[in-house]
Amino acid sequence: MCCLTESVKVTTDIDSLRSEIRDNSVRVIDVRREGDYKQDHIPNSVNLPLATLLSDDSPERVLKLVNSLGIDDETPVVVYDDTFGALASRVAWTLEWIGHSDVTLLETTYGNWKSLGLETDSLTPEISNKEHSMNLQSNILATSEYLESVKSRDDVILIDNRERLNYLEQHIPGAVSLPYRTLASSDGILRSKEDMKRLFDNRDISGDSEIITYCGSVGTLSGLAYYALKSAGLSNTKLYVRSFKEWKNLEKPTDKQQDANYWDLSAE
Amino acid sequence: MSISKLTPSSVDSAKPKINWARIDEADNFANTVKLYRQGKYDEDSFRRFRLQHGAYGTRMTSDYAMVRVKLPAGEIYPKQFETLSRLSEQYSIGSAHFSTRENIQLHWVILEDVSEIFRSLAEVGLTSREACGNSVRNVMCSPLSGVCSDEKFDSTPYALATAKFFLRNPMAQSLPRKFKFNFTCCEKHGMVRMVDVGLIPEIQQINGSKQKGFKIFLGGGLGNRSFVGHQLEDFTPEEDLLYTSIAVMRIFDRLGDRKNLARNRMRYLVNDMGWEKFQNLVLKERAIVRATQSVVTKLKVDTTPDKITRPLKISDEGGSSVPDGYARWLKSNTIKQKQSDYRSVFITLEAGDITSNQLNSMAALIREFSSEGKARSGFVQNVALRYVHEDDLVKLYSRLLETGLAKSGGLTMTAPVGCSGTTSCNLALTNSHRLAKEIQRKFLELKLDEDDDLADSSIKISGCPNSCAQHGIATIGFFGGGGRLGKDMYPNYQMSLGGRFDADTTLGQTCLRVPAKRVIPVILKIIELFKANKQSDDTLKSWIHRIVNDSEDSDIKSIGDIKKVLEPLVAPPTKEDDPDFYLDYGSDTSYHTKTGKGECAA
Ligand code: HEM
Ligand code: SF4
């Protein structure tokens, strides 16, 4: 493989999106709840609430949803949310997984979009169905069996994106902690590429390794981390999409930071 | 269009006067950590380097650090609060911690991320450089300096200038041990006798003109053995402030014990040598310093007064309704300033802990309510919002209620100090941190903050004999250890009574050992004894003071008498009868003492 550290475009900036919307050359997906979407949204965007997707995220079902949103193999897709990019990431990742390559995240949240006074709309666009092919990208998905199979490999880095205290209390053995808050900048869902690279470089998280991200339940926070890694050129990355919730349900082994009462330092 | 250009940036009325940071230290730290991880840096030199940069080790692990950010003279500005808020979420546990020495600490930080914190701190002019290690630690100043009605003048500019002078100064990079300066406003509000160099501002008439200067106290300090500082001379004029500081540090540097780490603070040197001899040495050394350095070396004291502007009209929506608890809070958390119409408001935390949301709120509250546009951290793990106009207090209180920062009792015994203990410290034997929180919750529930008799007392709890919570100078002080019944261990505290840190600074006297789960009932029992035996104008503090000085003639005459009453309360039950007794606060596994390598002497 030649291009492990070549950065991939994972976000679309505000200006570009606005002109793509004007040119009608993009499909914008709003992943917020239906009620929020109905109230207002980015003009011409379609609604795919994360919950709708998660109710059945088998490849066949996802393909149907994608078709119904008028997306074919060539359609550029931009996804946004109002939860610091985490829900949008989970949806974008799912599109990638079934084989859609041109999908990016809006660089900011809907809340910020609005507070910048940018255009919004409450109309739901008319969409005609399209035919997307199925080209499953299993290499970006990690399962619990897969995690078990690589646990002794030292060229695999497992990253836990939950908050630090949750990590200290319990995590998958061998995982390192990178709370999702670390990934954002003060005004964007992801920090600048240089910042992100420096952070990973300090941690010795590099393109020489395969990287797997996970979080608490459905792969949202870790979905954001998946894109953060990609933006820094670390494309050999998988998402453990069922994450820690499944791991615990399966009663797999966990590790804990012992002999310290860190919870009592929290003012929550 | 970039987002940041569009985001409205808030305009602050006050900006930091001094930039404490150096951005290149972030890169340097990152690189050194890499070399260390690659085994190219030995353990000892790396530890020295890490501590010099303000990163402490963490309990039972070498993966994490605690970053201690200095707030020289306690000053902190809105933008700095916002940065700390973000950093606490990104690299720490979503909370930060105000310490007893005007530092703010981020715990459980991954060592490899520390340099990222430095980078962000540098953007707002803050540093953790020399917050640990054998250097001049954060220079403290009373949170009331500049507003205290008993002060001779505001010592804040002198504290800042002293901090600036010694930070990164070659003469202060490898002292025998840490070295601390405390400036204060007046006798009552400072802690000048429990520190290497303590300073009280003083004015003298010299040849008919008023001359600013200080009363300087040397060689005090708390620890495994504690000592009270000695006053150097009647009056030290301000020109001599720097020469005196340099002289003292040179002597310490030359003669301090570099071998025996357990007794190398300057107080041991003073004690071993005897005060008079030490005093003479300082005066002689100062003459030399004065003669040799007078031309080049000067403190840059910036005494331009701060701009005091009441923030733009605070809206009075919500009418004039006064929330419940306001009077209680006003009395126990605010102090009238010497400037008429203004108060300083003390915000009480639980053992110094503050969430990232609250840190953000602090920035907003300063902008909305403080006429000086900044805040000051205090001595008891708290933070003060000063120059709040009397007319804005009700509104401020409502805002504090919304953010969970409105706890009352801030200036009373109900706000105990608790060191980190087993939450993060390698040397801890007990969870002193959580115990402090438990006491505060219980005492506020009992409304003890409303009891005037208890207001001037203090409770301080350390998790081991090292005194980080300054238990030795508390009215009721505790330090942690293990107790044992048969083969079963339980968390235990040594209790001392009658310590104080005012003009009559003394260390408390040992009373008895109190199991962790009996600390609250024992304190309540002491209060009960006091109520039964007090004279009409007594406070708990004055009553205990008489007892430790053998001048009390009620039924309770001595520490021994108190001990006798308390003994039945502290007898350990068997594990079968009371399993909870054997668990420390915050822990559901059986108690055992476990410690790692301490770094206090590093
Ligand atoms: C033998 C070892 C130690 C000794 C003798 C010692 C002594 C002290 C003393 C006397 C203070 C009181 C502050 C003052 O000077 O007024 C203090 C403060 C403090 N110490 Fe320690 N300490 C030791 C180790 C540690 C360790 C291992 C930790 C945990 C990381 C720690 C954390 C603190 C904290 C958080 C403070 C609060 C004040 C600040 O911001 O500096 N100490 N220490
Ligand atoms: S007093 Fe002991 S337990 Fe508490 S912080 Fe200091 S060294 Fe740690």
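Everything numeric in this text was worked out from a predicted model, so none of it was measured.

To continue, consider the pairing of strand S2 (residues 27-30) of chain A. Residues and elements named next belong to chain A. Neither face of S2 is left uncovered, since the one carrying Arg27 and Ile29 and the one carrying Val28 and Asp30 both have all their residues buried. Across four bridges, the pairing between S2 and strand S4 (residues 77-80) is parallel. Across the sheet, the residue bridging to Val28 is Val78, located in S4. Sheet topology note: the S2/strand S3 (residues 46-47) ladder contains two bridges and is parallel. Following the sheet pairing, Ile29 is matched in S3 by Val46. This β-α-β element, S2 to helix H2 (residues 34-39) to S3, shows right-handed connectivity.

Residue and element names in this part refer to chain B. A sheet is described by the order of its strands in space; here five strands give the open sequence S1-S2-S5-S4-S14, paired in antiparallel fashion. Two strands lie at the open edges of the sheet, namely strand S1 (55-58) and strand S14 (353-355), each paired on one side alone. The average undirected angle you get between the axes of adjacent strands in this sheet is 30°. Bridge analysis of strand S4 (residues 95-98) against S14 gives three bridges, and the strand direction is antiparallel.

Turning our attention to the interface of chain B and chain A. Often, the extent of an interface is quoted as the loss of accessible area upon association of its parts. Listed by partner, the interface residues are 42 residues for chain B and 35 residues for chain A. Here chain B meets chain A over a buried area of about 3300 Å², counting both sides, of which 51% is carbon and sulfur. Put simply, chain B and chain A have six salt bridges between them. One salt bridge in this structure joins B:Glu116 and A:Arg198, with 2.7 Å as the shortest N-O distance.

This part covers the domain arrangement of chain A. Residue and element names in this part refer to chain A. Parsing chain A into structural domains produces domain 1 (11-136) and domain 2 (139-265). Contacts between the two partners involve 20 residues from domain 1, matched on the other side by 20 residues from domain 2. One can count two salt bridges joining domain 1 with domain 2. Where Lys230 meets Glu96, a salt bridge forms, and the shortest distance between an N and an O atom there is 2.9 Å. Where domain 1 touches domain 2, the interface holds nine residue pairs in polar contact (both at pLDDT 80 or more). Examining the composition of the side of domain 1 that touches domain 2, we find that eight residues originate from one element, helix H5 (residues 86-97), more than from any other.

With that settled, the discussion passes to the nonpolar core. A:Ile29, A:Val79, B:Phe81, B:Val114, B:Met362, B:Leu385 and B:Leu396 are the most contacted members of the largest nonpolar core, which has 100 residues in total. Setting aside anything within four residues of it in sequence, one finds B:Met362 in contact with B:Phe81, B:Ile347, B:Ile354, B:Val383, B:Leu385 and B:Leu405. Listed in part, the 42 residues of the second largest apolar core include B:Leu160, B:Phe183, B:Met249 and B:Met266.

Right, let's get into the coordination of the iron atom of ligand 1. Under ideal tetrahedral coordination, the four donors around a metal are separated by 109.5 degrees; under ideal octahedral coordination, the six donors are separated by 90 or 180 degrees. Of the protein atoms, B:Cys468 (SG) alone serves as a donor to the iron atom of ligand 1, at 2.2 Å. Along the chain, the position of B:Cys468 falls in the loop between strand S18 (459-462) and strand S19 (476-485).

Calculation rules
- Residues numbered from 1 in each chain as written.
- Chains lettered and ligands numbered in written order.
- Predicted model: local features only at pLDDT ≥ 70, side-chain atom pairs only at ≥ 80, totals over all residues.
- Heavy atoms only, no water.
- Buried < 20%, exposed > 50% of the residue type's maximum accessible area, 1.4 Å probe, protein only.
- Helix = DSSP H or I, 4+ residues; strand = E, 2+ residues; numbered from the N terminus.
- Pairing = 2+ DSSP bridges.
- Right-handed = clockwise from strand over helix to strand, strands pointing away.
- Axes fitted to C-alpha atoms, helices over the stretch in contact; angles between N-to-C directions.
- Contact = heavy atoms within 4.5 Å.
- Buried area = accessible area lost by both parts, 1.4 Å probe.
- Salt bridge = Lys/Arg side-chain N within 4 Å of Asp/Glu carboxyl O.
- Domains from an automatic or database assignment.
- Polar contact = N/O pair within 3.5 Å; in protein donor to acceptor, adjacent residues only side chain to side chain.
- Core = buried A, V, L, I, M, F, W, Y, C linked by side-chain atoms within 4.5 Å.
- Donors = N, O, S within 2.8 Å, 3.2 Å for Na, K, Ca; no water.

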